[in-house]
Amino acid sequence: MSWGSELWDQYDNLATHTQKGIDFLERYGSFIRDRSAIEIEYAGKLRRLVKNYQPKKSKEDEENEFSSFQAFKCVLKEVADLAGQREVVAENLQLQVLQGISLLAKNLRDERKKSLNEGALLTQNLNSQIASLDRAKRNYEKGFREAEKSIDSYQKADADLNLSRAEVEKQRNNMNIRCGQSEDAKNEYANQLQKTNKLQQTHYETSLPEVFNRLQELDEKRTRGLKEFIKGAADVESAVAPIIARCLEGMVKAADSINEKDDSLKVIEKFQSGFQPPGDLPFEDLSKADSDTSNNSQTYTSTSGLNHLTAKGTTTQKLKKRVGIFGIFASNKNNLSTDGMKEDFSDLPPTQRRKKLAAKVHELQQKVSQEQAASEGLMKMKGVYEANSLLGDPRSVEEQLNESVNKLDKLRLELQRYQKMLDQANSQTIVQHSPQANRVIQNGQRSSRHSNGSSNHDHDDHGEDHPDHDAGSLSSSASPESGLGTSHTSLPGSGQGSTNDQPINDEMYYEADALQPLGTCKALYPFDATSEGSIPMSEGEELLVIELDQGDGWTRVRRLCSPSGWEEGFVPTSYIESTLYA
């Protein structure tokens, strides 16, 4: 079945049909173009979504990532991969489908135009031949009528006896001429008819069917092309389907990786301080309260002072922070690291401090290893240059080698210092790990005087006395362990000290006298001093409060040891009940 044999008389309809087919193919191309734009827009919105919800990088989050947080990061990564696959779909649709449609449509239009022009020319030739046949027929008809008329005129003249012989001969000659013309017109008509029939037969049996068959082939090519393009668009989608499936599998795997128990343990690891919870609160017998104290002070009891005490037992009123000796060392910037923490992390709870110190030790170990490798490389290079001077000058690497050696020595000293801090932190008890044990009198070194009258100038146990340490920081920590806040004599020559009772600096000596009592406190539980700088107390004992808790769980108190001497030190805030002066 072909268009040439079955649709020999449907030239106009076939021309219209092929035009509509090409228009439909171009419409499908517009559909692919719009779909590619939607895919690109969708991918862009997915990437923008991932960017908006991408967690900001911070050192703390990198060190303590919960499984749920890690799973969400994996989900964001998979969504970004999905966006990439949508971009791949859009690109392949444009390259493999849309360009093919445009090229095919252009070729089809050219072929259709060529075929239609050829068909129009064939039709025009046939119409011209038919017109020539029609003219030959009309000439023949005209000549035949004139010949019949001339024969009739001759017969009438020949029968008329009144006409002369010449007149009859004239009519006979006219008849012969007209009959000859009629015969010529007849022959011409016959020839034109033969030519027309032959041309018409060739036109409808050979020439025009070839044109229609080419149009049929063109239309089938267009239909076949549309089929391939639809399959190609589906193949483009199928090509990324396995990757998209893996992305979805990755999301499911990320969800399965969430472990609530591990996250709970990480919360403990992140926030555990290492302190022991306070014991039971005692019953306060008001009948045994000191009448003198109740008349001259404002008592913060457990019933009336709940709104005035913080969770750690300190008052909520704003008090001036501890500063250095008369404020001459008011800045502690030299003791702070780049992230705002102290270099020895003494402002952190014991557990967190040990974690930070361990991380610092690990970081320094890596730096030492890297610097050792660099130094060994420079040494080898120097040896090669010394063996063959053509390769280079050994002196060119000496400066770099010296810098590397100096840097390596500094790193080793710092590693030794932090390792010592870590060892000490691991060996200390809970009380020794308390924040009070690492209190810093800002960039100042304090001289302590014990109740026995001897002077104690405690140096930094963490390597702070190294020559390469910041000279502006006399001591990185001033704590009960380092002698801070231990007993001081309130008056010179009180009889409690020896001839060495004078402190190194007069300002440091009078700092103790500058701390006026802020109130009194009552020991709720007995406390055994396990570190230097803290003082023991028995249950029910009353002491003077000379420095409030600064948020580290310790309060500085003073005890009257004898008529002429005072003992000062730190006690746990949760072990006392404070009564501040009005």
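Structure's up top.
Residues numbered from 1 in each chain as written. Predicted model: local features only at pLDDT ≥ 70, side-chain atom pairs only at ≥ 80, totals over all residues. Heavy atoms only, no water.

Pairing is possible between side chains of opposite charge, provided their charged atoms come close. Enumeration over the complete set of coordinates arrives at 24 salt bridges. One salt bridge in this structure joins E237 and R35, with 2.8 Å as the shortest N-O distance. You can see E237 sitting in helix α5 (residues 165-256) and its partner R35 sitting in helix α2 (residues 11-53), a full 202 residues away along the chain. Given the relative accessible area of 23%, R35 is considered partly exposed. Put simply, R47 and E87 hold a salt bridge, and the shortest N to O gap is 3.0 Å. Placement of R47 in helix α2 and of E87 in helix α4 (residues 67-159) is noted, with a sequence separation of 40 residues between them. For R47, a relative accessible area of 37% corresponds to the partly exposed category. Overall, E87 belongs to the partly exposed group, its relative accessible area being 32%. Members of the salt-bridge network, linked through shared partners, are R35, E39, R86 and E237. (Salt bridge = Lys/Arg side-chain N within 4 Å of Asp/Glu carboxyl O. Helix = DSSP H or I, 4+ residues; strand = E, 2+ residues; numbered from the N terminus. Buried < 20%, exposed > 50% of the residue type's maximum accessible area, 1.4 Å probe, protein only.)

The subject of this paragraph is the packing of aromatic side chains. Within the structure shown, the criterion is met by 8 aromatic pairs. The interplanar angle of 90 degrees and the centroid separation of 5.2 Å between the aromatic rings of W8 and Y204 together place this pair among those described as edge-to-face. You can see W8 sitting in the loop between α1 (3-6) and α2 and its partner Y204 sitting in helix α5, a full 196 residues away along the chain. Judged by its relative accessible area of 42%, W8 is partly exposed. Measuring from ring centre to ring centre gives 5.9 Å for F527 and Y575, while their planes differ by 80 degrees; the resulting arrangement is edge-to-face. Here Y575 lies in the loop between β6 (565-572) and β7 (576-580) and F527 lies in the loop between β3 (519-523) and β4 (542-547), a separation of 48 residues in the sequence. Classification of F527 as buried rests on a relative accessible area of 5%. Three or more aromatic residues joined by ring pairs make a cluster, and in this case those are Y525, F527, W554 and Y575. Lying over the aromatic face of Y418, K360 brings its terminal NZ or CZ to 5.7 Å of the ring centre. (Phe/Tyr/Trp six-rings, centres within 6.5 Å; stacked < 30°, edge-to-face > 60°. Lys NZ or Arg CZ within 6 Å of the ring centre and 35° of its normal.)

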